[in-house]
Amino acid sequence: METILVLTHVDETGSVLSKASLEAVTAGVELARQHTAKLTIGILGVDAVAAAGAVAATGARLLAVTGEAFAQPRYATDAAGCEALCRAAQASIVLAPGSSRFTRVAAGVAHRLGGFIDTHITSLSSNDSVDATRWFYRQRVEATISREARPLFLLLDAGTHAAFAGEAAAAQVEAVAVTLPTVRATVEGLRSPMRDAQTIRPDAKLLFVAGAGWTKKQPDGQIHVAEAGELILAFLRLSGASLGSSKSLADQKAEGEQSVLPFLTHMNQIGQTGATPRHAKGLSTCCHGEEPHVVGWRFIGDRRAISLDPNCGWTRGKADVVYVADAFPVMAKVNELLEAKKA
Ligand SMILES: Cc1cc2nc3c(=O)[nH]c(=O)nc-3n(C[C@H](O)[C@H](O)[C@H](O)COP(=O)(O)OP(=O)(O)OC[C@H]3O[C@@H](n4cnc5c(N)ncnc54)[C@H](O)[C@@H]3O)c2cc1C
């Protein structure tokens, strides 16, 4: 019989579970129900005990490693904390969010426990065993993995489960002692880009993709890159959308071609050689919708595109709705309407 541990961590506040952690809790609750297995939730963070109330309704055994050593993500301390939680829980299956904090340490922790790890898991199902699903080859092939090795660590991709939302309650939390290693890395502070400069927003409902057409000669024979940049940034500000890019547009900067949109980097690139984000909706603008780009849209729910070309890839079955139109006036009008709605 399986025993299940969900490893979780707090967010930047230090006392609230991260959204990805709550998603892992949902996965753990479902899996424990399917296996009638014992469920334990391990929480790591500077004030892990305060965070525990949010998952008290699961009825799971709650373990915490807490204190100043866990105020900042750091390999040595996080790995020691996770290892202590795993040893205390004696679990055969360990679920954890595929966050940057846990992705860094999970393989090392699995090794210390003599276990095995699979990453980028998108769903779990049960027969006699635990089956985990993940995508390979840039989201083209979906595989179901089943292993006999235990403990089995499974890192879950964000956005694949609903965040656990039980009634918060007072929780009985067992503090787990951690033998800390010598700490050589100290965190002196955080430097993050201005809020406006953060164009990649994984939690946004909408993905807005800019294609190379924004920087091409327009029907008047001129390029209008500055205007394109203003329209795109205004839309991001008004809608809260996440910004994606085609490869052609992202490459222009790297190759030092004509003046391009300075807020775009390869981190924004969507597609075969880019990212495959998860958003409820997507709007592509001035992008041709070629297969190597659209393969990155696999997890976008409602797909729409604005393109001048009635024969572009989007019109050939890749989008739900295509507006064959000039994106400059269309986006200017959309921004105007959004501005009016906000006022
Ligand atoms: C191995 C490999 C991997 C690749 N990986 C990726 C990847 O990860 N991501 C990716 O994006 N691409 C990838 N590509 C490249 C991909 O095949 C395309 O070349 C690229 O997506 C084209 O970008 P685009 O549609 O923005 O530009 P273009 O093909 O130049 O299309 C621009 C479009 O904008 C339209 N347009 C112009 N002005 C306007 C206007 N005012 N209003 C509306 N529409 C307008 C034009 O009609 C045109 O359809 C890859 C290619 C290869 C070979």
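Up top is the structure these notes are about.
Residues numbered from 1 in each chain as written. Predicted model: local features only at pLDDT ≥ 70, side-chain atom pairs only at ≥ 80, totals over all residues. Heavy atoms only, no water.

*Asks:* Before we go on, may I ask you to explain the side chain of Thr 160 in this structure?
*Replies:* For Thr 160, the position within the fold is in the loop between β9 (152–156) and β10 (173–175). A distance of 2.7 Å separates the side chain of Thr 160 from the backbone oxygen of Asp 157, its partner in a polar contact. A polar atom in the side chain of Thr 160 sits 3.2 Å from the side chain of His 161. In contact with Thr 160, not counting residues within four places along its chain, are Glu 23, Ile 121, Thr 122 and Arg 278. (Helix = DSSP H or I, 4+ residues; strand = E, 2+ residues; numbered from the N terminus. Polar contact = N/O pair within 3.5 Å; in protein donor to acceptor, adjacent residues only side chain to side chain. Contact = heavy atoms within 4.5 Å.)

*Asks:* What should I look at first to understand the packing of helix α5 (residues 225–239) against helix α8 (residues 327–342) in this one?
*Replies:* Relative placement of two packed helices is described by the angle separating their axes and the distance separating the axes. The geometry of α5 relative to α8 is characterised by a closest axis approach of 10 Å and an angle of 35° between their N-to-C directions. Viewed along their axes, α5 and α8 form a crossing whose handedness is left-handed. Packed against α5, whose contacting residues are Glu 227, Ala 228, Leu 231, Ala 234, Phe 235, Arg 237, Leu 238 and Ser 239, the element α8 presents Phe 328, Met 331, Ala 332, Val 334, Asn 335, Leu 338, Glu 339 and Lys 342 at the interface. (Axes fitted to C-alpha atoms, helices over the stretch in contact; angles between N-to-C directions. Left-handed = near helix turned anticlockwise from the far one by under 90°.)

*Asks:* Looking at this structure, how should I read the pattern of salt bridges?
*Replies:* Pairing is possible between side chains of opposite charge, provided their charged atoms come close. According to the stated counting rule, one finds eleven salt bridges in the structure shown. A salt bridge links Glu 2 to Arg 150, with the nearest nitrogen and oxygen atoms 2.7 Å apart. Taken together, the positions of Glu 2 in the segment before β1 (3–9) and Arg 150 in the loop between β8 (141–145) and β9 put the pair 148 residues apart, joining distant regions of the chain. Put simply, Glu 291 and Lys 318 hold a salt bridge, and the shortest N to O gap is 3.5 Å. Here the residue Glu 291 occupies a position in helix α7 (residues 291–294), and Lys 318 occupies one in the loop between β14 (300–307) and β15 (321–324), the gap between them amounting to 27 residues. Given the relative accessible area of 40%, Glu 291 is considered partly exposed. (Salt bridge = Lys/Arg side-chain N within 4 Å of Asp/Glu carboxyl O. Buried < 20%, exposed > 50% of the residue type's maximum accessible area, 1.4 Å probe, protein only.)

*Asks:* Explanation requested: the nonpolar core in the structure shown.
*Replies:* One recurring pattern in soluble globular proteins: nonpolar side chains tend to sit buried together. Counting 32 residues, the largest nonpolar core has Val 55, Leu 95, Leu 124 and Leu 154 as its most contacted members. Of all the secondary structure elements, the ones that give two or more residues to this core are β1, α1 (19–35), β2 (38–45), α2 (48–51), β3 (61–66), β4 (93–97), β7 (130–136) and β9. Among the elements that take part in this core, α1 stands out by supplying seven residues, more than any other. Excluding residues within four positions of it along the chain, Val 55 makes contact with Leu 17, Leu 22, Val 25, Ile 41, Ile 43, Leu 62 and Phe 164. Counting 24 residues, the second-largest nonpolar core is a separate cluster that includes Val 65, Ala 91, Val 94 and Val 176. (Core = buried A, V, L, I, M, F, W, Y, C linked by side-chain atoms within 4.5 Å.)

*Asks:* Please explain a nonpolar patch on the surface as it appears in this structure.
*Replies:* There is a patch of nonpolar side chains on the surface, built from Phe 136, Tyr 137 and Val 141 and spanning about 320 Å² of accessible area. Along the chain, the position of Tyr 137 falls in the loop between β7 and β8. Its relative accessible area of 58% is what places Tyr 137 among the exposed residues. (Patch = residues over 30% accessible without salt bridge, like charges linked within 9 Å, V, L, I, M, F, W, Y side chains within 5 Å. Areas by Shrake-Rupley, 256 points an atom, 1.4 Å probe, with all protein chains shown as cover.)

*Asks:* Just to check I follow, could you spell out the site of the ligand for this structure?
*Replies:* Near the ligand you find 28 residues, and of these Ala 212, Gln 218, Ser 246, Thr 273 and His 288 are the closest. Within the side chain of Gln 269, an N or O atom sits 2.9 Å from an oxygen atom of the ligand. Out of a free accessible area of 1000 Å², the ligand has 77% covered by protein chains. Among the cavities detected, the one that contains the ligand is the second largest pocket. Within the residue set of the shell around the ligand, elements represented by two or more residues are α6 (247–254), α7, β14 and α8. Looking at the shell around the ligand, its residues break down into ten nonpolar, 13 polar and five charged. (Near = heavy atom within 4 Å. 1 Å grid on protein atoms, 1.4 Å probe; cavity = no way out; pocket = protein on both sides within 12 Å on 5 of 7 lines; lining within 4 Å. Sits in = over half its atoms within 2 Å of the grid points. Nonpolar A, V, L, I, M, F, W, Y, C, P; charged D, E, K, R; others polar.)

*Asks:* I'm lost on the state of the cysteines in this one. Help?
*Replies:* Throughout this description, disulfide means a covalent bond between two cysteine sulfur atoms. Evaluated as defined, the whole model comprises zero disulfides. Considering cysteine sulfurs only, Cys 86 is the nearest to Cys 82, which forms no disulfide, with 6.5 Å between them. Here Cys 312 stays free of any disulfide, with the sulfur of Cys 287 as its closest cysteine sulfur at 8.2 Å. According to the relative accessible area criterion, Cys 312 is buried, its value standing at 0%. (Disulfide = S-S within 2.5 Å.)

*Asks:* Sorry, what's going on with the sheet that holds strand β6 (residues 123–126) here?
*Replies:* Two pairing modes exist for strands in a sheet, parallel and antiparallel, and in both the strands are linked by backbone hydrogen bonds. Taken together, the three strands give an open sheet; going across it, the order is β6-β7-β8, and neighbouring strands pair in antiparallel fashion. Looking at the sheet topology across the chains shown, the edges are occupied by β6 and β8. Within the sheet, the average angular offset between the axes of one strand and its neighbour, ignoring direction, is 25°. Taken together, the five bridges between β7 and β8 define a ladder with antiparallel strand orientation. Bridging from a neighbouring strand, Thr 133 pairs with Thr 144 of β8. (Pairing = 2+ DSSP bridges.)

*Asks:* Would you explain the packing of aromatic side chains in this entry?
*Replies:* One pass over the full model with this rule turns up four aromatic pairs. Directly above the ring of Phe 136 sits Arg 134, whose terminal nitrogen or CZ lies 4.3 Å from the centroid. The aromatic ring of Phe 299 is capped on one face by Arg 278, whose charged end is 3.8 Å from the ring centroid. (Phe/Tyr/Trp six-rings, centres within 6.5 Å; stacked < 30°, edge-to-face > 60°. Lys NZ or Arg CZ within 6 Å of the ring centre and 35° of its normal.)

*Asks:* Whenever I open this one, the sheet that holds β1 confuses me. Can you help?
*Replies:* Overall, parallel pairing links the seven strands, which are arranged β5-β9-β4-β1-β2-β3-β10 in an open sheet. Among the strands making up the open sheet, the edge pair consists of β5 (116–121) and β10. Averaged over all adjacent pairs, the angle separating strand axes in this sheet is 25°, with direction ignored. Inspection of the sheet shows β3 paired to β10 by three bridges, in the parallel sense. Paired with Leu 63 across the two strands is Glu 174, which belongs to β10. Set on the sheet, α1 makes contact with β1, β2, β4 and β9; between it and β4 the angle comes to about 150°.

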